[in-house]
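Next come the chains, spelled out residue by residue.
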Amino acid sequence: MITTGNDEFSRTLAERIGQFIVDADARSARSRQRAIGPSEVGEPCERQLAYKILDWPETNTNRDPIAAIIGTGFHMWMAEKFEARQTDLGDGRPRYRIEERVTVRDSPIEAARLTGSSDLYDRLARLNWDWKLVGVSSLDKYRRQGPGPKYRIQAHLYGLGQENAGQPPQRVVVAFIARHHELKVHVWSEPYDRQIAVDALARLDRIRDHAMRLELDLHPERWTQISTDGAASCRFCPWLTPGSTDLSAGCPGTNTEAKSSQLEALIA
């Protein structure tokens, strides 16, 4: 959090409103969510997923919340606008399912259950939409390289959730909207493939089973046996701890962003 003001009184106000934003976000339902959601299943880093699965204490607690707050506000705005244009399909069903909970996988075992809130399902077009509010450089990256495994898997998991609700989509769609002074939109879509979701759930189960067998609470040295291969971004990981040599107390990170964070920590 960076706060400034034109005089001491204004700087104090800036600090107070900034802290209010941070504290309010920490109390939000999104920040307090403990169970894994569809947006996390496709995370390439197995160690990050293992930390999440085991509800391991977070160490990178000073993450800036403003991007997530803006994203939440945008989702609320889109929901309101689609509610305003809601129509009936003629059979008593509304065209749009807006911010509705879907069950991706039901299970008597709570840890294996997976649910989430789908941004928008269009029954007429049979499209499942997901809104992503991103920076301009990120939008350009997704335009050039595609959505990456995390967002792609999330899209198909929500597709599976819609299928479980009796309405399988023809395509899954991710709409990237840039946080910018002019409207920039990039849309990625592909035919819904149930197997992509099934494979992602199987991978999640494998990681969970491996982490449980290691008994990491009793043998923290075994954290090294959980892979970080393919980690795409360490910077915003809740368990990033620059310079850490004890993985039970946080992960030092593996990529360029993590090394940059380590350097910043040393300079600070």
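Residues numbered from 1 in each chain as written. Predicted model: local features only at pLDDT ≥ 70, side-chain atom pairs only at ≥ 80, totals over all residues. Heavy atoms only, no water.

A. How the structure looks around the packing of aromatic side chains. All told, the structure shown has 10 aromatic pairs when counted by the stated rule. Where phenylalanine 74 meets tryptophan 77, the ring centres are 6.4 Å apart and the plane angle is 20°; that geometry is what we call stacked. Residue phenylalanine 74 and its partner tryptophan 77 are both found in helix α5 (residues 66-84); the two are separated by three residues, about one turn of the helix. Its relative accessible area of 47% is what places tryptophan 77 among the partly exposed residues. Among the aromatic residues, ring-to-ring pairing joins Tyr51, Trp56, Trp223 and Trp239 into one connected group. (Phe/Tyr/Trp six-rings, centres within 6.5 Å; stacked < 30°, edge-to-face > 60°. Helix = DSSP H or I, 4+ residues; strand = E, 2+ residues; numbered from the N terminus. Buried < 20%, exposed > 50% of the residue type's maximum accessible area, 1.4 Å probe, protein only.)

B. Summary view of the side chain of arginine 208. Following the sequence through the fold, arginine 208 ends up in helix α8 (residues 194-214). A polar side-chain atom of arginine 208 sits 3.0 Å from a polar atom in the side chain of aspartate 205. Not counting residues within four places of it along the chain, the set of residues in contact with arginine 208 comprises Ile53, Arg105, Ala111 and Ala112. (Polar contact = N/O pair within 3.5 Å; in protein donor to acceptor, adjacent residues only side chain to side chain. Contact = heavy atoms within 4.5 Å.)

C. Structural detail: the nonpolar core. Grouped together as the largest cluster of nonpolar side chains are 40 residues, with contacts concentrated most on Val41, Leu157, Phe176 and Trp223. Of all the elements in the fold, those that place two or more residues in this core are α4 (46-53), α6 (136-145), α7 (148-164), β4 (171-178) and α8. Among the nonpolar cores identified, the runner-up in size contains 11 residues, and Met78, Tyr96, Leu120 and Trp131 belong to it. (Core = buried A, V, L, I, M, F, W, Y, C linked by side-chain atoms within 4.5 Å.)

D. Structural context of unusual backbone geometry. A positive phi angle is found at aspartate 55, which is not glycine, with a value near 55°. In this fold, aspartate 55 is placed in the loop between α4 and α5.

E. Local environment of α8. For α8, built from 21 residues, the straight-helix expectation of 30 Å at 1.5 Å per residue is met to within 8% by its first-to-last C-alpha distance of 31 Å. On its buried face, α8 is in contact with α3 (38-41), α4, β1 (96-105), β2 (114-122), α7 and β5 (185-191). Capping the start of α8, aspartate 193 holds a side-chain oxygen 2.9 Å from the backbone nitrogen of glutamine 195, two or three residues further along. (Expected span 1.5 Å × (residues − 1).)

F. Inspection of the sheet that holds β2 at higher detail. Overall, mixed pairing links the five strands, which are arranged β1-β2-β3-β4-β5 in an open sheet. Here the strands that pair on one side only, and so sit at the sheet edges, are β1 and β5. Averaged over all neighbouring strand pairs, the angle between strand axes comes to 35°, with direction disregarded. As judged from the eight bridges shared by β1 and β2, these two strands associate in the antiparallel manner. If you follow threonine 103 over to β2, its bridge partner there is threonine 115. The sheet contacts of α7 involve β1, β2, β3 (127-134), β4 and β5, and relative to β1 the element is tilted by about 95°. (Pairing = 2+ DSSP bridges. Axes fitted to C-alpha atoms, helices over the stretch in contact; angles between N-to-C directions.)

G. Highlighting a nonpolar patch on the surface. A contiguous nonpolar patch, built from Ile17, Phe20, Ile21, Ile66 and Ile70 and spanning about 440 Å² of accessible area, is present on the exposed surface. Contributions of two or more residues to the nonpolar patch are made by α1 (8-26) and α5. It is α1 that provides the largest number of residues to the nonpolar patch, a total of three residues. For isoleucine 21, the location among the structural elements is in helix α1. Residue isoleucine 21 is classed as partly exposed on the basis of its relative accessible area, which comes to 32%. (Patch = residues over 30% accessible without salt bridge, like charges linked within 9 Å, V, L, I, M, F, W, Y side chains within 5 Å. Areas by Shrake-Rupley, 256 points an atom, 1.4 Å probe, with all protein chains shown as cover. Salt bridge = Lys/Arg side-chain N within 4 Å of Asp/Glu carboxyl O.)

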